[in-house]
Amino acid sequence: MSFSIRRLFSNLFLSAVIEGTECLFYGRVFRNGKVIKTINAKFTDIDPQNVDRKVIDYIKLQEKTYFNVYISMFFNEDSQGAVPTVREEEYKKFHISSYGLTSLKMQDSWSIYADLLAIKKVRDTFGDGSVDLIYSPISIMFFELLKRGISPKTTLYLYIHSDSFALSIFKNKKMKLSTFLKIEDGENTDISEQVFKEEDITDIDNLIIKEEEEAGLLDDLKSLDDILDVDKLKEFEDLNYELNMPTSTNVEKSVAVFGRDMNMFSYITAAIKEFYNNPIYESDFIEQVVIFENTKTSATFVQYLQSELFVETSVYPINTLEIMNELMQKEILL
């Protein structure tokens, strides 16, 4: 390993997600290759199109505290997707114009694309050029699949957030169809409730920050080998999913979650019909569904998905902010 002066100082890797009117941060501070601190922060009642000053001030505070601050952003703009080709001239076969798009090659047979103007907008979220790395939902899902192992079966993968989701169908470990969709007419639900507290943040002084001083206190992400056996996927009951709507004292919230999930189901069935009916995808019958959820879906949705598609369905909780932070560490070498 080559010597780097940056390793001697504290460097903060800060990942961010903006959904609805919430801005969430997760950070890890590295020194000499070790994590010495973690940070969780949540801002509410913000304008996603014009981030509040309190958020900018928070970032400036971190820049004053640490030698370097690197920021990554979750890319949840509509103008993105993926196609089973790496040649932009073939995008038109999928009714996509490559004009104004940038693409990233994934494996040798498919690529992710996004609108250049949308990327520029996200990169300037906290000020001009303030965001160092941008991660699309499809790329994050694929990173999880590489860690866990892609099933050789024809598999529908879902990666769910509170107001959006990514969908990919793999056959013989190759991507055949992939898309990203915003969920319309659904109320937002809390992201990673186990990580973030419920109190609102109105200014820097009452910002909720949780710091862990020892790297040993961090919860490592489970490897896919530990939690996913592709030959015998766990039944969703193993993850404490009941067959009925979960009991909740907040009936309005439960109904909103269920409505959002049923709306999502309509998008899923439309994508499956496209996969089956369009010969360009070289389709085969979907044998299983695997769901990665950053925001918990209703148990009824999981049961409904399984019964309607006649396939085995498995659900695994994930944390987008932590995955992004893991990716940052791999891409930015200190």
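What this report covers is the structure whose coordinates are included nearby. The residue numbers shown here count from 1 along each chain, following its written sequence. Local features in this predicted model are restricted to residues of pLDDT 70 or higher, and side-chain atom pairs are both shown and tallied only at a pLDDT of 80 or more, whereas totals for entire chains, interfaces and linings draw on every residue. Computation of side-chain values: all heavy atoms of the structure, hydrogens and water removed.

A few words on the side chain of Thr125. Among the secondary structure elements, Thr125 is positioned in the loop between helix 2 (116-123) and strand 8 (133-135). Think of it in three bands: residues with accessible area under 20% of the maximum for their type are buried, residues over 50% are exposed, and the middle band is partly exposed, with areas taken using a 1.4 Å probe on protein chains only. Take Thr125: its relative accessible area is 16%, and that puts it in the buried class. Pairing of N or O atoms within 3.5 Å defines a polar contact, subject to two protein rules: one partner must be a possible hydrogen donor and the other a possible acceptor, and residues neighboring in sequence count only if both atoms are side-chain atoms. A polar side-chain atom of Thr125 sits 2.5 Å from the main-chain carbonyl oxygen of Val122. Contacts: residue pairs with any heavy atoms within 4.5 Å of one another. Contact partners of Thr125, with chain neighbours within four places excluded, come to Ile18, Val51, Met73, Ser130 and Val131. Here a strand is any run of E in DSSP of at least two residues, a helix any run of H or I of at least four, and the numbering for each starts at the N terminus.

Turning our eyes to something else, we now look at a nonpolar patch on the surface. Residues Leu8, Phe9 and Phe67 make up a contiguous nonpolar surface patch of about 270 Å² in total accessible area. Relative to the helices and strands, Leu8 resides in the segment before strand 1 (11-19). By relative accessible area, Leu8 is classed as partly exposed at 44%. Like charges within 9 Å and nonpolar side chains (Val, Leu, Ile, Met, Phe, Trp, Tyr) within 5 Å are joined into patches, using only residues over 30% in relative accessible area that form no salt bridge. Per-residue accessibility takes into account occlusion by the displayed protein chains alone, with areas from the Shrake-Rupley method and a 1.4 Å probe. Salt bridge, as applied in this entry: a Lys or Arg side-chain nitrogen positioned within 4 Å of an Asp or Glu carboxyl oxygen.

Turning our eyes to something else, we now look at the side chain of Thr155. Position of Thr155 among the secondary structure elements: in strand 9 (residues 155-160). Accessibility expressed as a relative area gives 0% for Thr155, which makes it buried. A distance of 3.1 Å separates the side chain of Thr155 from the backbone oxygen of Lys153, its partner in a polar contact. A distance of 2.9 Å separates the side chain of Thr155 from the side chain of Gln288, its partner in a polar contact. Leaving out residues up to four positions away in the same chain, Thr155 has contacts with Ser168, Ile169, Phe170, Gln288 and Val290.

Moving on, we come to helix 5 (residues 251-277). Helix span, as expected, comes to 1.5 Å for every residue beyond the first. Between its first and last C-alpha atoms helix 5 spans 39 Å; for 27 residues at 1.5 Å apiece the expected length is 39 Å, and the two agree. Those residues of helix 5 that fall on the buried side of the exposure criterion are Ser254, Ala256, Val257, Arg260, Asp261, Met264, Phe265, Ile268, Ala271, Ile272 and Phe275. Where helix 5 is buried, its residues contact strand 9, strand 10 (164-171), strand 11 (174-182) and helix 6 (299-309).

Pairing of aromatic side chains requires ring centres within 6.5 Å, counting the rings of Phe and Tyr and the six-membered ring of Trp. Pairs whose planes differ by under 30 degrees are stacked, by over 60 edge-to-face, and all others tilted. Tallied over the entire structure, the rule returns 19 aromatic pairs. Ring centres of Tyr157 and Phe170 lie 5.8 Å apart, and the angle between their planes is 80°; on these two criteria the pair is classed as edge-to-face. Of this pair, Tyr157 sits in strand 9 while Phe170 sits in strand 10, placing them 13 residues apart in sequence. Since its relative accessible area comes to 1%, Tyr157 is described here as buried.

Right, let's talk about the pairing of strand 11 for a bit. For two strands to be treated as a pair, DSSP must find at least two bridges joining them. Where strand 5 (residues 80-83) and strand 11 come together, 2 bridges link them in antiparallel fashion. By the bridge assignment, Ala82 is partnered in strand 11 with Ser178. Two strands pair when backbone bridges link them, and strand 10 and strand 11 are joined in this way by 8 bridges, in the antiparallel orientation. Opposite Ile169, over in strand 11, you have Leu177 as the bridge partner. Linking strand 10 back to strand 11 in an antiparallel pair, the connection comprises 2 residues, with Asn172 at a positive phi of about 55°.

Remark: nonpolar core denotes a set of buried residues (Ala, Val, Leu, Ile, Met, Phe, Trp, Tyr, Cys) joined through side-chain atoms within 4.5 Å. Counting 36 residues, the largest nonpolar core has Trp110, Tyr135, Ile140, Tyr157, Tyr159, Phe170 and Phe292 as the members making the most contacts within it. With 6 residues, helix 3 (residues 137-148) is the largest single contributor of residues to this core. Setting aside its immediate chain neighbours within four residues, Ile140 contacts Phe74, Tyr135, Tyr159, Thr320, Ile323, Met324 and Leu327. Judged by nonpolar contacts, the second largest core, of 29 residues, contains Ile160, Met264, Ile272 and Val315.

Next up on the list: the packing of helix 3 against helix 7 (residues 320-331). Axis definition: a line fitted to C-alpha atoms, limited for helices to the stretch in contact. Angles are taken between N-to-C directions and run from 0 to 180 degrees. Close contact between helix 3 and helix 7 brings their axes to 11 Å; oriented N to C, the two are set at 75°. What the angle tells us is that helix 3 and helix 7 run roughly perpendicular. Taken together, the residues of helix 7 that come into contact with helix 3 (itself represented by Ile140, Phe143, Glu144 and Lys147) are Thr320, Ile323, Met324, Glu326, Leu327 and Lys330. Per-class residue counts for the contact of helix 3 with helix 7 are 5 nonpolar, 1 polar and 4 charged. Here the word oblique covers every angle except those under 35 degrees (roughly parallel), over 145 (roughly antiparallel) and from 65 to 115 (roughly perpendicular). Residues are grouped as follows: Ala, Val, Leu, Ile, Met, Phe, Trp, Tyr, Cys and Pro are nonpolar; Asp, Glu, Lys and Arg are charged; all remaining types, including Gly, are polar.

Under the defined criterion, the tally for this structure stands at 12 salt bridges. Glu89 serves as the salt-bridge partner of Arg87, at 2.8 Å between the closest nitrogen and oxygen. According to the relative accessible area criterion, Glu89 is partly exposed, its value standing at 47%. For Glu144, the salt bridge identified is with Lys147, shortest N-O distance 2.7 Å. With Glu144 and Lys147 both in helix 3 and 3 residues apart, the pair spans about one turn of that helix. What makes Lys147 partly exposed here is its relative accessible area of 25%. Several salt bridges share partner residues, and in doing so they unite Glu144, Lys147, Arg148 and Glu326 into one network.

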